[in-house]
Amino acid sequence: MEPGRSEAAVMSEAATTLAGARKGRPSILRRWVGQALARNLSCLVVPGPEVALAHGLDLAAADMRIAATPRDATVLLIVGELSQKLDEATAVLYAQMPRPRAILVLGGSAPSSLPQADVSADLSQTELMEAATRLQRLLAEGAFAASPDDFDSSILQTKTEYVCPMHPEVVEDEPGSCPKCGMDLVAREAGGDSDAGEHDENRGHEHHEHHHDHKHESEGHDHHHAHHNDHGQSHERHHGHHQNHKHAHDHEQHQGDDDHEHAHCHEHEDHQGQDHGHQQEPAQEQSGTEYICPMHPEVVRSEPGRCPKCGMDLEPHKPGEDESVKEDVSEHDHEHHHDHSGHDHDGHDHSDHDHDHDHDHDHDHDSSGFMSMVEVTKDLPRSADGLAMDWLEVPFGPCFPGLPGGLKLTLTLDGDGVTEGQATSLVAMNTSSEEVAVETFIERLAAAMPLAPVSYRLLACRAIEQAAGLEPDPAVERGRAAALERERIASHLGWLAQLGRQLSFVWLTRRAAALQLETQRADREQLVALRPALQSLIARLEHTPLLKARLKGIGALPHGSQDLRGTVARASGRTEDARQADAMYRELGFEMRAESAGDAWARLRQRHVEIMTSLDLVEVAGDPELPKLRAIDNPSGTGEATVETPRGRATLRLTQERGQVVSVELDSACSQHIGLVADLVEGQELGDALVAVGSLDLSPWEVTS
């Protein structure tokens, strides 16, 4: 305890200080800074803003705004419980937020990888408003602390991996040889400098390490998520100059140090005393045998060993033998390794890096043991203009504007073009669970699907009731159908708000989000009253030339795409809708209408059609009724049910014994649609690829594992 300070004062400070406070003794000026931050709560929402909206949370009403990236956020807002993978990713996001930073948790507990939440509350708008008030008070009073706690998590720790100096895409967990060129793999920190041995950069940078990273592994805790929350930053990193900020320790400690300098010291090893091809090392005895590195001919030794630069075994060579080859290779080596004036790596020729992931190469060596540089680069990927290009693997998510939270999209870029891509869910549902009571199962399934809880609640009720041998009750089914269609309208409006975030159409995000919140709480009469507003929004969207130009022709599904469902199928002209086989929907006069172009614009228009169709159905069906399990006499049996969710057909099969659900099998639309990503993004420009993926309206929670 500091002299002159009472124990009560210390305890009082601890009680009013943020876990992520910034270093600095409290002062009048810093108190003003805290008050300013309290008036502008900028939130990074995890899993994503669409989840907050789906739970009926109006952040704007609580004086909060949504931040697109961690570095713009003051508050980490966690909505609901997080999966383990998303928990790990959230720790990385939190580490990248500037201090002072706060943690607000609604409807759950703080992830184990994070400090204790500064404020916790239940998942409701009322609780959110009260929590925001407490958080503002806490920021105003405890934004600064003399000795704030450091933040460290096991997920932020580094591990050793082994990379090929010539093929940085070859990364292994253990020492060995490169399968492409045979060179010894070089040890480095995971996520570290892919040119280990060429540049020892940024040793003077005390809190940030800039690395050349070509392999983003470890789903859910990639240290680069936040850097890909901006379109402009996601693809401007070439092989020679990636600034990937790895936060092994507290990200923001340097901000409190006014004298901190970002000293980037580029130390090029083995450059002293060498002229890189213009002058060889001291000549060996002409009558003896020299040992030379095949890739660095300036390295000459009088006895066997390994190259100090790349680790390759030195090969025997008699003086004077194939000097022309040596000079050519040496000259190339000089060009590639020594032209660092200004350290403008964007101008480097990367043609000596082979990024072909699909082919193994048999390199022929000449009599001197030198590997021809033509052979090293012969299979290098070529761009559309025929130039040899570096391929870069870039992750987007799990919190990326315009993409659903919990989705990790990994794209391989050739310049601004996408050569391949893959989407994975960090919140996928595992259907293999322990025995659980039927009522508990219904609640768990609904909670596990935050973007469509009504649909999956209805799916569970119908499957359990069928297993018990119950026949449908028309009166009950009408209310259920109205609730399902109300959720469909709200879901499509939520997708429009997400589209607005992706395309930076602020007016669209605000208007669609406001209508979504009104729809979720509306009864039949209120929904009918929203018809003019919905029609007005749809008309404006379909008559916005810039929007049509941005979506038309983008994300057209490849011919022969299988198992399309829901809006994605109907926008491609397919008559795929589970409601057609439902007697209740036939009674309500349901008619399916479909677009045919199959691109992002068609999917937008199809959702417009479905919003108005669902509104018509609610008007006929009556007031929405939240699905509830009817009384069952026989608690044992096997049941199957199908529901047309907002994203397409979902089928649930389950077995129950004595009131316990003992086995579950779920087939959802998103489990099928996530596999479309690879074909959808291949050959597209980066921006178009992101729009195409967003147009699928994937829900990572509805992907089963």
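Now for a quick tour of the structure. (Residues numbered from 1 in each chain as written. Predicted model: local features only at pLDDT ≥ 70, side-chain atom pairs only at ≥ 80, totals over all residues. Heavy atoms only, no water.)

### With respect to the overall build of the protein
Then, number 1: Assigned secondary structure in the protein consists of 20 helices and 22 strands.
Then, number 2: Out of the 705 residues in the protein, the part that is buried amounts to 55%.
Then, number 3: By sequence separation, contacts in the protein at least 24 residues apart represent 70% of the contacts at least 6 residues apart.
Then, number 4: Entry remark: accessible area of the protein is about 30,200 Å², with carbon and sulfur atoms responsible for 46%. (Helix = DSSP H or I, 4+ residues; strand = E, 2+ residues; numbered from the N terminus. Buried < 20%, exposed > 50% of the residue type's maximum accessible area, 1.4 Å probe, protein only. Contact = heavy atoms within 4.5 Å. Areas by Shrake-Rupley, 256 points an atom, 1.4 Å probe, with all protein chains shown as cover.)

### What to know about the packing of aromatic side chains
Aromatic rings considered in pairs are described by the distance between their centres and by the relative angle of their planes.
Then, number 1: Scanning all chains against the criterion turns up four aromatic pairs.
Then, number 2: Where Tyr94 meets Phe151, the ring centres are 5.0 Å apart and the plane angle is 90°; that geometry is what we call edge-to-face. Residue Tyr94 is located in helix 4 (residues 84–95), and its partner Phe151 is located in the loop between strand 7 (144–145) and strand 8 (160–163); the two are separated by 57 residues in the primary sequence. Note on accessibility: Tyr94 and Phe151 belong to one class, buried.
Then, number 3: Where Tyr585 meets Phe590, the ring centres are 6.0 Å apart and the plane angle is 75°; that geometry is what we call edge-to-face.
Then, number 4: Here the guanidinium or amino end of Arg540 rests over the ring plane of Trp507, the centre of that ring lying 3.6 Å away.
Then, number 5: Here the guanidinium or amino end of Arg607 rests over the ring plane of Trp495, the centre of that ring lying 4.1 Å away. (Phe/Tyr/Trp six-rings, centres within 6.5 Å; stacked < 30°, edge-to-face > 60°. Lys NZ or Arg CZ within 6 Å of the ring centre and 35° of its normal.)

### Quick look at the sheet that holds strand 6 (residues 119–121)
Hydrogen bonds between backbone atoms are what pair the strands of a sheet, whose relative direction is either parallel or antiparallel.
Then, number 1: The five strands lie next to each other as 3-2-4-5-6, forming an open sheet whose pairing is parallel. A strand with exactly one partner marks an edge of an open sheet, and here the two such strands are strand 3 (64–66) and strand 6. The mean angle between the axes of side-by-side strands here comes to 30°, regardless of whether they run parallel or antiparallel.
Then, number 2: Relative to strand 3, strand 2 (residues 41–46) runs parallel, the two sharing three bridges. The residue of strand 3 that forms the bridge with Leu41 is Met64. (Pairing = 2+ DSSP bridges. Axes fitted to C-alpha atoms, helices over the stretch in contact; angles between N-to-C directions.)

### Comments concerning the packing of helix 10 (residues 474–503) against helix 13 (residues 531–542)
Then, number 1: Two elements in contact, helix 10 and helix 13, have axes whose closest approach is 13 Å; the angle formed by their N-to-C orientations is 35°. Helix 10 and helix 13 meet at a crossing whose hand is left-handed. Note on element contacts: helix 13 touches helix 10 through Leu534, Leu537 and Leu541, opposite Ile489, Leu493 and Leu496.
Then, number 2: Along the lines of polarity and charge, the residues of the contact of helix 10 with helix 13 split into six nonpolar, no polar and no charged. (Left-handed = near helix turned anticlockwise from the far one by under 90°. Nonpolar A, V, L, I, M, F, W, Y, C, P; charged D, E, K, R; others polar.)

### Quick look at unusual backbone geometry
Then, number 1: Residue Pro100 follows Arg99 across a cis peptide bond; omega there is -5°.
Then, number 2: Within the secondary structure, Pro100 sits in the loop between helix 4 and strand 5 (102–106).
Then, number 3: Put simply, Gly397 and Pro398 share a cis peptide bond, and its omega is 10°.
Then, number 4: Take Pro398: it is sitting in the loop between strand 16 (391–396) and strand 17 (407–414).
Then, number 5: In the Ramachandran plot, Arg658 falls in the positive-phi region, its phi being about 50° despite a non-glycine side chain.
Then, number 6: Here Arg658 lies in the loop between strand 21 (648–657) and strand 22 (660–667).

### A look at the sheet that holds strand 20 (residues 637–645)
Then, number 1: If you trace the four strands from one edge of the open sheet to the other, you get 19-22-21-20, paired in antiparallel fashion. At either margin of the open sheet sits one strand with a lone partner, and together these are strand 19 (436–437) and strand 20.
Then, number 2: In this structure, strand 21 lies alongside strand 22, joined through seven bridges in antiparallel fashion. Across the sheet, the residue bridging to Thr651 is Asp667, located in strand 22.
Then, number 3: Across the face of the sheet, helix 9 (residues 453–467) comes into contact with strand 20, strand 21 and strand 22 while running at roughly 150° to strand 20.

### As for the nonpolar core
As a rule of thumb, soluble globular proteins bury nonpolar side chains together.
Then, number 1: With 88 residues, the main nonpolar core has Met64, Leu104, Phe441 and Leu652 as its most contacted residues.
Then, number 2: A per-element tally of this core places helix 9 first, with eight residues.
Then, number 3: If near-sequence neighbours (up to four positions away) are discounted, Leu652 is found in contact with Phe441, Leu445, Leu459, Ala460, Ala463, Gly639, Glu640, Ala641, Val664, Glu665 and Leu666. (Core = buried A, V, L, I, M, F, W, Y, C linked by side-chain atoms within 4.5 Å.)

### Re the side chain of Asp118
Then, number 1: Relative to the helices and strands, Asp118 resides in the loop between strand 5 and strand 6.
Then, number 2: Of the side chains with opposite charge, Arg101 lies nearest to the buried Asp118, which makes no salt bridge, at 8.2 Å.
Then, number 3: Polar contacts involving the side chain of Asp118 include one to the main-chain amide nitrogen of Ala19, which spans 2.9 Å.
Then, number 4: Within polar-contact distance, the side chain of Asp118 engages the backbone nitrogen of Ile103 at 2.8 Å.
Then, number 5: Not counting residues within four places of it along the chain, the set of residues in contact with Asp118 comprises Thr17, Leu18, Ala19, Arg101, Ala102, Ile103 and Leu138. (Lys, Arg positive; Asp, Glu negative; His and termini not counted. Salt bridge = Lys/Arg side-chain N within 4 Å of Asp/Glu carboxyl O. Polar contact = N/O pair within 3.5 Å; in protein donor to acceptor, adjacent residues only side chain to side chain.)

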